[in-house]
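# A structural walkthrough
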Amino acid sequence: FGGYLRNYFASRQLTRGRVVSGVHETSPNLLQQYFRASNRRRNQTISVSRARDATAMALGTTEPLLLQPPEQRRRPPDWLAWGLPAAVLTLLLLSASGPLRPPLFRVPPPETVPLTLLAGAQEKGAVCLDGTPPGYHLQRGSGDGSNRWLIHLEGGGWCSTIKDCSNRRMYALGSSNFMKPMRFAGAGILGSDQLQNPDFYNWNKVFVRYCDGASFSGDAEGRAQDGSTLHFRGLRIYQAVIDELMEKGLNNATQVMLNLQSSYSFQHEPAVHTYYSVNFSNTMRDSSFFYTFQALLTGCSAGGLATILHCDDFSARFSRDVSVKCLADAGFFLDVKDISGKRSFWSVYDGVVHLQNVREVLPKDCLANKEPTECFFPAELIKSIRTPMFILNSAYDSWQIRNVLVPVSSAPDKPWSICKDNIRNCNSTQIKVLDAFRNTMVGAFKVVEDKEDWGLFIDSCFTHCQSLYGISWNSEISPRLGNKSIAEAAGDWYHGRSQGEKEIDCEYPCNPTCSGQLPP
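If you're wondering where the values come from, they're calculated on a predicted model, not measured in any experiment.

### A closer look at the overall build of the protein chain
- Looking only at helices and strands, the protein chain has 19 helices and 18 strands in total.
- Across the protein chain, the fraction of contacts at a sequence separation of at least 24, relative to all contacts at a separation of at least 6, is 74%.
- Accessible surface for the protein chain amounts to roughly 25900 Å². Of this, 53% is attributable to carbon and sulfur atoms.

Written out as structure tokens, the structure reads:
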């Protein structure tokens with residue numbers, strides 16, 4: 001805005017001249033000089049900015065560089081003495097209550113969330129593949145979210161062979177030696193922007209790092225080719241991290257909620273506009289208020305599968321008066337044949353199940369009738385889960401199309417390689433194959449129809465992991481079903497603001513809100 005005013009002042013000085021019929025007659029030479037000077041200043045600014053960015057890249061830092069002090073400029077003409085205060089006053093009024101408020105006041109500065117290593121990891125046997133202690137990132141809540149907790153389990157595929165698991169030790173998915181601080185800003189459900197993440201923006205948020213290669217479910221050891229030990233301790237990592245978080249306040253997760261029948265609008269308004277506060281000291285005497293204890297377990301991709309696997313266990317850690325729910329994002333992996341007719345993804349899961357010994361986390365009623373590998377697939381897991389769950393998934397999940405339906409092992413030809421790279425490149429025959437994949441997924445959700453406290457958001461966008469990106473979670477171009485963004489649907493389901501939050505999209509390409517700008 002300051003730059004706009006400066007340009008305005010300069011242009012008004014350049015347009016001084018004869019007034020003909022109430023219109024300023026401007027000297028073309030003066031305007032050309034002004035715009036040339038303006039362009040030189042802009043180019044110099046861009047050059048300096050690019051130089052700073054290059055320096056930051058070279059230093060390997062993610063912190064923003066300090067802003068340069070403002071440039072000294074000449075005082076504007078006296079006849080603007082009253083115009084400038086009026087313009088500033090107008091800006092402040094708009095920023096306080098109008099459309100300029102969001103970009104100026106509601107987006108918090110990016111925060112770096114440090115890595116916390118699990119205490120006593122070696123003694124507990126809860127270690128990463130290489131034996132280093134696992135870690136997590138804890139961002140404390142604020143205001144009315146200081147006693148509300150969201151636990152997110154990181155994803156990142158699996159390792160089903162000794163060779164694959166050995167290789168993972170050389171980066172963060174197998175060793176905490178490579179884990180760095182991270183930022184939650186703009187990360188969808190983990191973000192702190194109230195407008196983008198209205199229901200969870202000020203909660204205690206935990207991002208649990210993934211370093212075992214079996215969706216936090218294995219409990220075994222192996223021997224690498226170099227003779228070193230491979231630690232398959234995902235289950236112990238999950239248990240130990242949750243235990244430590246309990247000591248840090250998770251066991252006190254409380255939330256004040258309102259009776260939706262009479263007071264929803266009163267509660268919802270302060271949740272959106274933080275410039276107002278609510279005094280609960282008197283209103284808590286009203287019978288329309290009640291206390292409940294709440295926590296939310298979430299995860300994406302392999303972390304989404306981990307959320308499904310551990311949902312009931314997570315809930316069992318709290319007393320019966322605690323309302324615990326789970327949100328699994330992009331974790332509904334299918335057991336389907338690839339384009340070559342082989343069950344290649346079954347082979348991956350079968351390797352994980354037997355190499356890392358994941359039987360302890362599998363439902364006993366499933367194990368009584370089926371092979372352990374089949375019980376590792378979500379289509380079987382959800383039949384046994386009692387805890388309320390919200391399943392967020394694309395029926396045309398880009399990761400599954402590339403790695404389950406058209407994996408490298410299926411030796412895809414060039415048309416299929418182009419298709420799996422971008423669904424917009426698929427021909428009508430290929431789309432039919434993708435539709436069949438979608439129909440298999442939709443059919444697996446029939447068991448959820450009778451679970452009234454469950455939620456579904458199954459869109460037809462070519463994307464993967466939608467809760468961790470602000471552009472997908474809640475933006476102008478985020479996918480919408482039932483005229484709701486993912487954040488709105490998940491928030492309404494979690495807080496019980498509406499019934500029947502089960503939305504399944506039509507076949508591709510019917511949904512116009514599936515933007516090509518979504519994460520692939």
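So that's the structure; there's more coming.
### Digging into the state of the cysteines
- Per the stated rule, a full pass over the model turns up eight disulfides.
- Between the sulfur atoms of Cys 128 and its disulfide mate Cys 211 the distance is 2.2 Å. What sets the handedness of the Cys 128 and Cys 211 disulfide is the S-S torsion sign, and at about -75° it is left-handed. With a gap of 83 residues between them, Cys 128 in the loop between helix H5 (121-124) and strand E5 (135-139) and Cys 211 in the loop between strand E8 (204-208) and strand E9 (220-223) connect regions that are remote in the sequence. Here the two residues Cys 128 and Cys 211 agree in accessibility, since each one is buried.
- One disulfide in the model links Cys 506 with Cys 510; its S-S distance is 1.7 Å. On the sign convention where negative means left-handed, the S-S torsion of about 105° between Cys 506 and Cys 510 marks this disulfide as right-handed.
- Here Cys 510 falls in the partly exposed class, since its relative accessible area comes to 33%.

### Comments concerning the side chain of Gln 356
- For Gln 356, the location among the structural elements is in helix H11 (residues 344-356).
- Among the residues examined, Gln 356 registers a relative accessible area of 0% and is labelled buried.
- Among the polar contacts listed, one links the side chain of Gln 356 to the backbone oxygen of Asp 212, at a separation of 3.2 Å.
- Other than its neighbours up to four places away in sequence, Gln 356 contacts Cys 159, Cys 165, Asp 212, Gly 213, Ala 214, Gly 218, Asp 219, Ala 220, Phe 232 and Gly 351.

Rules of the game
Residues numbered from 1 in each chain as written. Predicted model: local features only at pLDDT ≥ 70, side-chain atom pairs only at ≥ 80, totals over all residues. Heavy atoms only, no water. Helix = DSSP H or I, 4+ residues; strand = E, 2+ residues; numbered from the N terminus. Contact = heavy atoms within 4.5 Å. Areas by Shrake-Rupley, 256 points an atom, 1.4 Å probe, with all protein chains shown as cover. Disulfide = S-S within 2.5 Å. Buried < 20%, exposed > 50% of the residue type's maximum accessible area, 1.4 Å probe, protein only. Polar contact = N/O pair within 3.5 Å; in protein donor to acceptor, adjacent residues only side chain to side chain.

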